[in-house]
Amino acid sequence: MGGCVSTSSRSTCSSRSNGETRSPPCMGLGYRGQKRTKRTYSERHVALQHLPSVPNRIFMNGKSQTSCIFTQQGRKGINQDAMVVWEDFMEEDMTFCGIFDGHGPYGHLVARKVRDMLPVKLQSFLQSCNSKQNESGLTCFIGNARKTDAGNCEDDGPAEDRLNSLWREAFLKSYKAMDKELRSHPHFDCFCSGSTAVTIVKQGLNLFMGYIGDSRAVLGSKDSDDSMVATQLSVDMKPDLPREAERIKRCKGRVFALQDEPEVSRVWLPFDDAPGLAMARAFGDFCLKEYGVISIPEFSHRVLTERDQFVVLASDGVWDVLSNEEVVEIVASAPSRSSAARFLVDAAAREWKLKYPTSKMDDCAVVCLFLDGKMDTESDYEEQGYSSATLQKNHSGNALESDDGQKAEPSLQRNFTVRSSEENNNYGKIPVESEGNVEPVAVEDQDWSGLEGVTRVNSLVQLPRFSEERPVL
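K.L.:
Honestly, the overall build of the chain in this entry has me stumped. Any pointers?
P.N.:
Tallying secondary structure elements over the chain gives nine helices and 19 strands in all. Residues classed as buried in the chain amount to 58% of the 473 residues present. Contacts in the chain between residues at least 24 apart in sequence constitute 71% of all its contacts with a sequence separation of at least 6. Carbon and sulfur atoms form 48% of the exposed surface of the chain, whose accessible area is close to 19800 Å².

K.L.:
I keep staring at the pattern of salt bridges and nothing clicks. Help me out?
P.N.:
Pairs can form between side chains of opposite charge whenever their charged atoms are close. In this structure the tally under the stated criterion is 17 salt bridges. Across the pair Lys238 and Asp214 runs a salt bridge whose closest N-O atoms are separated by 2.9 Å. Placement of Lys238 in the loop between strand S10 (228-232) and helix H5 (242-250) and of Asp214 in the loop between strand S8 (206-212) and strand S9 (216-222) is noted, with a sequence separation of 24 residues between them. Each of Arg243, Glu244, Arg247, Arg281 and Glu298 takes part in salt bridges that share partners, so that together they form one network.

K.L.:
Explain the packing of helix H7 (residues 324-332) against helix H8 (residues 340-355) to me, please; I cannot follow it from the model alone.
P.N.:
Packed helix pairs are characterised by how far apart their axes lie and by the angle those axes make with each other. One way to put it is that H7 packs onto H8 with a least axis distance of 9 Å and a crossing angle of 135°. Here H8 runs oblique to H7, going by the angle between their axes. The handedness of the crossing between H7 and H8 comes out as right-handed. On H8, the residues that touch Val327, Ile330 and Val331 of H7 are Ala340, Phe343, Leu344 and Ala347. Here the residues of the contact of H7 with H8 are counted per class, giving seven nonpolar, no polar and no charged.

K.L.:
Any chance you could explain the environment of Thr66 here in plain terms?
P.N.:
Within the fold, Thr66 resides in the loop between strand S2 (62-63) and strand S3 (67-72). A sequence separation of 303 residues divides Thr66 from Leu369, and the C-alpha atoms of the two residues are 6.1 Å apart. For Thr66, the residues in contact, after removing those within four places along its chain, are Glu87, Thr95, Cys368, Leu369, Phe370, Gly373 and Met375. There is a polar contact of 2.6 Å between the side chain of Thr66 and the side chain of Glu87.

K.L.:
Help me out: how do you make sense of unusual backbone geometry in this one?
P.N.:
Excluding glycine, residues mostly have negative phi values, and the peptide bonds linking residues are mostly trans. Ala274 connects to Pro275 through a cis peptide bond whose omega is -10°. Mapped onto the elements, Pro275 comes out in strand S13 (residues 272-277). The backbone phi angle of Asp88 is positive, close to 55°, even though this residue is not glycine. Structurally, Asp88 is set in the loop between strand S4 (81-86) and strand S5 (94-103). For Asp88, a relative accessible area of 29% translates into the label partly exposed. The phi angle at Asp93 is positive, at roughly 65°, despite the residue not being glycine.

K.L.:
Help me understand the sheet that holds S10 in this model?
P.N.:
Two modes of strand pairing occur in sheets, parallel and antiparallel, and in both the strands are linked by backbone hydrogen bonds. On the basis of which strands lie adjacent, the open sheet formed by six strands has the order S2-S3-S17-S16-S9-S10 and antiparallel pairing. At either margin of the open sheet sits one strand with a lone partner, and together these are S2 and S10. Along the sheet, H7 contacts S9, S10, strand S16 (308-314) and strand S17 (364-370); its crossing angle with S10, the most-contacted strand, is approximately 130°.

K.L.:
Is there a simple way to explain the sheet that holds S13 in this structure?
P.N.:
One open sheet holds the three strands; their spatial order is S11-S12-S13, and the pairing between them is antiparallel. The outermost strands of the open sheet, each flanked by one partner alone, are strand S11 (254-257) and S13. Shown here is a sheet whose adjacent strand axes are inclined to one another by a mean of 45°, direction ignored. Summarising the sheet, S11 and strand S12 (residues 265-269) pair through four bridges and their orientation is antiparallel. Paired with Val255 across the two strands is Val267, which belongs to S12.

K.L.:
Would you mind going over the nonpolar core with me for this structure?
P.N.:
Buried together is how nonpolar side chains tend to be arranged in soluble globular proteins. The biggest cluster of nonpolar side chains holds 56 residues, and the ones touching the most others in it are Phe89, Trp167, Leu182 and Phe283. For this core, the secondary structure elements donating two or more residues are S4, S5, helix H2 (107-135), helix H4 (156-183), strand S7 (197-203), S8 and S12. In terms of residue count, H2 provides more of this core than any other element does, ten residues in total. Formed by 31 residues, the second largest nonpolar core is a distinct cluster that contains Met228, Val345, Ala347 and Ala349.

K.L.:
What exactly am I supposed to notice about the packing of aromatic side chains here?
P.N.:
Each aromatic ring pair is specified by the distance between its two centres and by the angle formed by the two planes. Inspection of every chain in the model, using the stated rule, returns eleven aromatic pairs. Arranged with centres 5.6 Å apart and planes meeting at 50°, the rings of Phe171 and Phe299 form a pair that is tilted. Here Phe171 is found in helix H4, whereas its partner Phe299 is found in strand S15 (residues 298-303), with 128 residues between them in sequence. Here the aromatic cluster, defined as three or more aromatic residues joined through ring pairs, consists of Trp167, Phe171, Tyr175, Phe208, Phe283 and Phe299.

K.L.:
Where do I start with the confidence of the model for the chain in this structure?
P.N.:
A low pLDDT means the predicted coordinates there should not be read in detail. Per-residue pLDDT for the chain has a mean of 76; in total, 65% of the residues score no lower than 70. Segment residues 1-46: pLDDT under 50, and 87 contacts once partners within four positions in sequence are set aside and those in other chains are kept. Within the model, pLDDT remains below 50 along residues 402-455, and this stretch shows 136 contacts once partners closer than five positions in the same chain are excluded.

Rules used throughout
- Residues numbered from 1 in each chain as written.
- Predicted model: local features only at pLDDT ≥ 70, side-chain atom pairs only at ≥ 80, totals over all residues.
- Heavy atoms only, no water.
- Helix = DSSP H or I, 4+ residues; strand = E, 2+ residues; numbered from the N terminus.
- Buried < 20%, exposed > 50% of the residue type's maximum accessible area, 1.4 Å probe, protein only.
- Contact = heavy atoms within 4.5 Å.
- Areas by Shrake-Rupley, 256 points an atom, 1.4 Å probe, with all protein chains shown as cover.
- Salt bridge = Lys/Arg side-chain N within 4 Å of Asp/Glu carboxyl O.
- Axes fitted to C-alpha atoms, helices over the stretch in contact; angles between N-to-C directions.
- Parallel < 35°, antiparallel > 145°, perpendicular 65-115°, else oblique.
- Left-handed = near helix turned anticlockwise from the far one by under 90°.
- Nonpolar A, V, L, I, M, F, W, Y, C, P; charged D, E, K, R; others polar.
- Polar contact = N/O pair within 3.5 Å; in protein donor to acceptor, adjacent residues only side chain to side chain.
- Pairing = 2+ DSSP bridges.
- Core = buried A, V, L, I, M, F, W, Y, C linked by side-chain atoms within 4.5 Å.
- Phe/Tyr/Trp six-rings, centres within 6.5 Å; stacked < 30°, edge-to-face > 60°.
- pLDDT = per-residue confidence, 0-100.

Next comes the structure, spelled out in structure tokens:
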């Protein structure tokens, strides 16, 4: 993987000589080739406050020029899913999309932090690579990406290899820098909390992807008969995959499934039956990073064709109840493109009730990116029951959270991703602020248990015994 310089002390915009930050719309767009100066954490923090107002970036339920996104809270507690679409990412005709599914006591904060920071870090590394290419007199990788669209150059093979190498390096470095920042984050503890990530960047006919965890990306295409076909673009990084299991066991971690859920392999500490993580790669989860769990993403590059219609990114709350083919058919048959993400989440919610009537529905988050760049008109969008207010708030009533997760000081609250042993009796002592209009709840202690309560599959089973005494970073 090679060395990596963390971007935790860097901004996505260059600083002025007097230390003043540039206007928010910059955010690393259009300033390629300029030198970047190191900035303090507080300076970077101020710049990141402008993220919600960056043009063509959406992270709440709604639509953009080429996509729609939607999330719905399940019945396990606070919504730990996060999502983002960032159009004109670095330049026109470049779109970043991501789904992030948190787990553990601070999972919702981890997912939001990754949602906000990972694209910025990817920008930084891409711009760095681009500057090096320009300085060496080579064609920049962004130009190479466009040449791939034509596909008529004799040097397409070597050029594509160089293109893949540059993008792979950018994804690997940005994921590594993201995990490094989470390890030392001053406001929440990622020792037993983490997040998945499935991220794509579309530029012209090129689709670049990096992912960890069990969130998934699926491509919807038309075959020769104009029937919809589903192609899975990512691999669910589960602990029972041979390569993943071998690495974990080589690092002294353990992989096995519990008796009452034999289909779910989990990662365990060598000396404790905890935490039981249901994935082999994730951001955070530092209690397992020495035992085989990694944050190194899988990378892939695909050249799109005219038969490719859309890409669906979704958290496992969708894939647990719907197949790839069902998801593609649902999106293709949605009343309008603008409502496709919500249409899919509603279908998943119905399937949860039918297939697992006694289980708590998981959070669901969906991004639908339409590859021809066309969306419905605004009037069509309003007909589907959306309003301007819908674009500004979460469907579950969640208030807008701060970009660095400082809206409310978190505690090891009951969030159903890690289950408490006394579901109905442990309320009443330590108040915990909740989001939206839901009444605040409280928990008495941090006694985390493994398999009590009714749910289908949790990402974690229980916290390690020693985690209760760790100070929050």
